[in-house]
Every structure is written in C-alpha cells, then in structure tokens.
Amino acid sequence: MGVITLALITVGWQSSSETDPQLWVVFACALTIALGTYMGGWRIIRTLGKGLTDVKPAQGFSAETSTAATILASSALGFALSTTQVGALDSTTFAAFGTTQIAALTTDQVAGLSTDQLAALGTADIVALGTAGVHALSTDALQTLGTADVVAMTAAQVAGLSTTQIAALTTDQVAVLESADLRALSATSLHAFTTDQIVALTTDQFAQLGTAAVVALTTDQVAAIATEDLQALGASQFATMG
C-alpha cells in the first residue's frame, strides 16, 4: 500500500499532503493478498518450509515469535516500520525525532515525507538525511526548505542533487549556496541552472567559482551574468571562457 500510495503521489494522482492510502488501494491490496494465499499459499509454504530448508515446528515458532516481538516493541516505542507509518506522523511528532532517527529513514520513507514534515526539520536533521535522502526529495519538497536548511546542506548533498532538483531551486535558495557547494556541482548540474538562478547568484559566489565551473557555463547563462559579477571574476576565470 505504501509503494502504491507513493507512486500515486509521484505521478500527481494523489496530493502530497494526503499520505494515507486511498480506500480502493487498501481493498485492492487485501483482495490480492487473499487471492494469492488462496491460490498458492500452501505451495509457497511447502516450498519455503520443505524445499529450500527443512523448517521444524520449533524453528517456525521462534521465527514468528521474534518477528511479532520486534513489531510490537517497535510500535510501543513509537518507531515507524513502513513508509505509510512515517507519512502518517504529524509535523509536531516528526519534529521530535532526533538526528539518529532521521538518519535511519530509508530513501522511500524520505520521498514520502510531506512538506509540513520537512518544514518541521531542523538544520541538523537536513544534514542527517545524507546525500541519498536529499536526492530522494521531490522538487516540491525541496522548495519548502528554508535558506538556513540549504546553507546547512553539505557539498556532497548539493552535488548529489539531480538536474531536475537543481532547476527547481528557488532564487533565494540559490543565493545562499556556499562556494564549496557550487564548486562541487558537475558541469551537467551547472547547465541545469536557469537564467533567473544565475542572476540570483551573488558577486561573492561568482568570485569563488572555480575555472571548471566557469567553463561549464552556457552562453545563455553567461549572458545573464550582471556586469558587477563579471568584474568579480579573476583573470584565470576569464581565460577559461570560450
């Protein structure tokens, strides 16, 4: 259900603010599981219990007991066990998570976060998401990050953004990117910058661009650079321009 709900949100058939599975998804999954169990349940049990390995009753009991104990203990402690459970948490509860819990989220769980949940995260939480976690964010979710969150992102996290994510950054977010972040971007990522984003870059940011970054700029991007920003470029940066 979580995967189907995430797919519906991704293609725009369900609002990202509504993280609960739709009723038809619940019924479809329940029906599919019931039919699968009815048509091939015993054969699967026989194959797994006898064909792959000979599971004794005591071993099966131990496996089921330990699984049930883990699920019950995790639920009692408030740990989320699936994407849909993470999505069901309100922003206040989510804000109470520590960086260790944030770092433990899978990319699927991060991708299913609502904009309210992301807005509740602190700068340390953004760093805790890691490169894969930031890369899993949708463009809408990325745009909800505050400038302080963008400043807190590591160079590796910025470098891990896709071209679609780069193009979706707001001008305010672009204006606070650190010099190390800009230098960490690949030529492909730099090409994804819109002219509005290039205009939003500060004079100090242009002055700190490496020669490799300057070479990667397209003619349209160079044409959008303000005069004072061009004047901030060094001789070595000018020499690399085509």
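What counts, and where the lines are drawn
Residues numbered from 1 in each chain as written. Predicted model: local features only at pLDDT ≥ 70, side-chain atom pairs only at ≥ 80, totals over all residues. Heavy atoms only, no water. Helix = DSSP H or I, 4+ residues; strand = E, 2+ residues; numbered from the N terminus. Contact = heavy atoms within 4.5 Å. pLDDT = per-residue confidence, 0-100. Buried < 20%, exposed > 50% of the residue type's maximum accessible area, 1.4 Å probe, protein only. Polar contact = N/O pair within 3.5 Å; in protein donor to acceptor, adjacent residues only side chain to side chain. Arc of directions from axis to C-beta.

(A) Geometry of the overall build of the protein chain. Of regular secondary structure, the protein chain possesses 23 helices and 0 strands. Counting only contacts in the protein chain whose residues sit at least 6 apart along the sequence, the fraction spanning at least 24 positions is 67%.

(B) Seen up close, the side chain of Asp181. Examined against the element boundaries, Asp181 turns out to sit in helix α16 (residues 179–184). Residues within four places of Asp181 in sequence aside, it is in contact with Met153, Thr154, Ala155 and Val158.

(C) Layout of the confidence of the model for the protein chain. Within the protein chain, residue pLDDT values average 78, and 84% of them lie at 70 or more. Across the protein chain, helix α14 (residues 163–168) holds the top mean pLDDT of 89, while helix α4 (residues 83–88) sits lowest at 56.

(D) Looking closely at the environment of Leu169. Topologically, Leu169 is positioned in the loop between α14 and α15 (171–175). Classification of Leu169 by relative accessible area gives buried; the value is 10%. Residues Leu169 and Thr144, spaced 25 residues apart in sequence, show a C-alpha to C-alpha distance of 9.6 Å. Excluding its chain neighbours within four sequence positions, the residues that come into contact with Leu169 are Leu142, Leu161, Val174 and Gln197.

(E) Spatial organisation of the side chain of Ser189. Mapped onto the elements, Ser189 comes out in helix α17 (residues 187–191). A polar contact of 3.1 Å, which involves the side chain of Ser189, links it to the side chain of Ser186. Residue contacts for Ser189: discarding those within four places in its chain leaves Leu161, Thr163 and Ile166.

(F) Fine view of helix α1 (residues 2–10). Those residues of α1 lying buried are Gly2, Thr5, Leu6 and Leu8. Buried residues of α1, seen end-on, are gathered within an arc of 160 degrees and therefore sit on one face of the element. What points out from α1, more than 90 degrees from its buried face, is the exposed set Val3 and Thr10. One or two residues past the end of α1 sits Gly12, with phi positive at roughly 85 degrees.

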